[in-house]
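One letter stands for each residue in the lines below.
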Amino acid sequence: MIKIGDTAVSEEKVVETTSMASPEKKEESAPEKKSTSTKKAKSTKQSRGTARSKIVREQEEKEVNLFKENIYIVFVECETPGNIGFLARTMANFGLKNLVLINPPTLTNEAYYQATHGKYIVEDAKIFPTLDDFYQSQRIDFKVASTGMAGGSYNLSRIPLRPEELGESMNVSNKIAILFGREGNGLTNKEIEDCDICVSIPTDPTYPIMNISHAAAIIFYELFKNKHDYGVQGLEESSELEKEYLIKDMRDLIDSLDIPDHKKRNGLKTFNNIISRAFITAREAHTFKGILRRLKNKIGEQ
């Protein structure tokens, strides 16, 4: 076999050399073929690995975009413009951009100054007179109330998640609003009850209430660090409408029971809390709804 760089020989000599090749020469050629085959296999594996890496990168980019687009940070009746700026700055730190202000004070220069590199978030903030106006304008699928005063088993509306639990459980395939209340009084009981769940940060009981930007930073961090877990195929979170139908079926089922009204209300609220904390998927909601309807039909037959 002639290789590049070999000395030129006559055609006859080439034929003679080839026809008289010894077994040793043939054995030497075998590893060459094997090496070529190995190179092809490695090349195929590398191309497949590159394709997989591209898919992973595209999926991560999609998740980051959903994180930015579908989370709304809602500041209810802020008392000082500076805190709006501090909140916007914290949002910018963690890639959030949708700021909603409910009945805010006049946005003075202080709000823009305190926002520093998050100034654009203040400039693009959406302003509404009431929370109901915001809910009607933006089709929000999931509402999270933040509170410094967590409740216990006898205050069902204030049974909280910790920030890390929220970050691990929540995906952003649907629109999510995270509410922060007034600097002095926080969110009202009614505003919290209207939410699907509340989140609270464990603090020392001698001084439990945190500055809004500090509390927001902790919550945003937990959401941000888990953003690559969002958007898992087949685990799309149930929409608001799907949850409404599920809760309606449970309400009908509870109403058919012979128990006091206050137990019916607590039972429905408890069910609502469980569904909200579980962040059930659309498939789970559909399956659960089918079971509840069969139970209703079964009770109706008796």
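Described in the following lines is the structure provided in the data block. (Residues numbered from 1 in each chain as written. Predicted model: local features only at pLDDT ≥ 70, side-chain atom pairs only at ≥ 80, totals over all residues. Heavy atoms only, no water.)

## Some words on the overall build of the chain
Where we set the bar: Numbering of helices and strands starts at the N terminus; helices are DSSP runs of H or I of at least 4 residues and strands are runs of E of at least 2. By the convention used here, residues are in contact when the closest approach between their heavy atoms is within 4.5 Å. Areas reported as accessible are Shrake-Rupley estimates using a 1.4 Å probe. Residue values count occlusion only from the protein chains shown.
Scanning the chain from N- to C-terminus turns up 12 helices and seven strands. The long-range fraction of contacts in the chain, counting pairs at least 24 apart against all pairs at least 6 apart in sequence, stands at 82%. Summed over all atoms, the accessible surface of the chain reaches about 18,500 Å², with 52% contributed by carbon and sulfur.

## Some points on the pairing of strand β2 (residues 98-102)
Just so we agree on the cut-off: Summary of the burial criterion: residues with accessible area below 20% of their type's maximum are buried, those above 50% are exposed, and those between are partly exposed, where the area comes from a 1.4 Å probe applied to protein chains only. Here, any two strands with at least 2 DSSP bridges between them count as paired.
Taking burial as the measure, the five residues of β2 include five buried ones, the bulk of the element. Residues Asn98, Val100 and Ile102 of β2 are buried on one face, and the alternating residues Leu99 and Leu101, pointing to the opposite face, are buried as well. Where strand β1 (residues 71-76) lies against β2, five bridges are found, and the strand directions are parallel. Of the residues in β2, the one forming a bridge with valine 74 is valine 100.

## Comments concerning the state of the cysteines
Counted only if it meets this: Disulfides are defined as cysteine sulfur pairs within 2.5 Å.
Scanning the model with the defined rule gives zero disulfides in all. There is no disulfide at cysteine 198, and the cysteine sulfur nearest it, in cysteine 195, is 8.6 Å away.

## A look at the pattern of salt bridges
What counts is decided by this rule: Salt bridges are counted wherever a side-chain nitrogen of Lys or Arg sits within 4 Å of a carboxyl oxygen of Asp or Glu.
What the rule picks out here adds up to 10 salt bridges. Ionic contacts of the salt-bridge type, sharing partners, join the residues Lys248, Asp249, Asp252, Arg293 and Lys296 into one network.

## Things to note about a nonpolar patch on the surface
To keep it simple, the criterion reads: Residues with no salt bridge and a relative accessible area higher than 30% make up the patches, which join like charges within 9 Å and nonpolar side chains (Val, Leu, Ile, Met, Phe, Trp, Tyr) within 5 Å.
Together, Leu257, Ile259 and Ile299 give the surface a local cluster of nonpolar side chains, amounting to about 200 Å² of exposed area. Position of isoleucine 299 among the secondary structure elements: in helix α12 (residues 282-301). A relative accessible area of 32% means that isoleucine 299 is categorised as partly exposed.

## Here's the deal with the packing of helix α10 (residues 240-255) against helix α11 (residues 261-278)
Put simply, the test is: Interaxial angle, 0 to 180 degrees, is taken between N-to-C directions of lines fitted to C-alpha atoms, where a helix line uses only the stretch in contact. Angles are sorted into four bins: roughly parallel if under 35 degrees, roughly antiparallel if over 145, roughly perpendicular if 65 to 115, and oblique for all others. Left-handed describes a crossing in which the near helix is turned anticlockwise from the far one by less than a right angle; the clockwise case is right-handed. Residues were grouped as follows: Ala, Val, Leu, Ile, Met, Phe, Trp, Tyr, Cys and Pro as nonpolar; Asp, Glu, Lys and Arg as charged; and all remaining residues, including Gly, as polar.
Between α10 and α11, the least distance of the axes is 10 Å, while the angle of their chain directions is 150°. Relative to α11, α10 is oriented roughly antiparallel. Remark: the crossing between α10 and α11 carries right-handed chirality. Between α10 and α11, the contacting residues are Lys243, Leu246, Ile247, Met250, Arg251, Ile254 and Asp255 on the first element and Lys264, Gly267, Leu268, Phe271, Asn272 and Ile275 on the second. For the contact of α10 with α11, the residue count by class is seven nonpolar, two polar and four charged.

## Let's talk about the packing of aromatic side chains
As a reminder, the rule being used: The pairing test for Phe, Tyr and Trp rings, Trp by its six-membered ring, is centres within 6.5 Å, and the orientation test on the planes gives stacked under 30 degrees, edge-to-face over 60, and tilted for anything in between. For a Lys NZ or an Arg CZ to count as sitting over a ring, it must be within 6 Å of the ring centre and within 35 degrees of the ring normal.
One pass over the structure, following the stated rule, counts seven aromatic pairs. Centre to centre, the rings of tyrosine 72 and phenylalanine 134 are 6.1 Å apart; their planes meet at 55°, and the pair counts as tilted. Of this pair, tyrosine 72 sits in strand β1 while phenylalanine 134 sits in helix α6 (residues 131-137), and the two are 62 residues apart along the sequence. There is no split in this pair, since tyrosine 72 and phenylalanine 134 are both buried. A centroid spacing of 5.7 Å and a plane angle of 65° characterise the contact between phenylalanine 271 and phenylalanine 288, whose relative ring orientation is edge-to-face. Of this pair, phenylalanine 271 sits in helix α11 while phenylalanine 288 sits in helix α12, placing them 17 residues apart in sequence. Overall, the relative accessible area of 8% leaves phenylalanine 271 in the buried class. Through pairs of rings, three or more aromatic residues link up here, namely Tyr72, Phe128, Phe134 and Tyr135. Over the ring of tyrosine 135 we find lysine 143, and its NZ or CZ is 4.9 Å from the ring centre.

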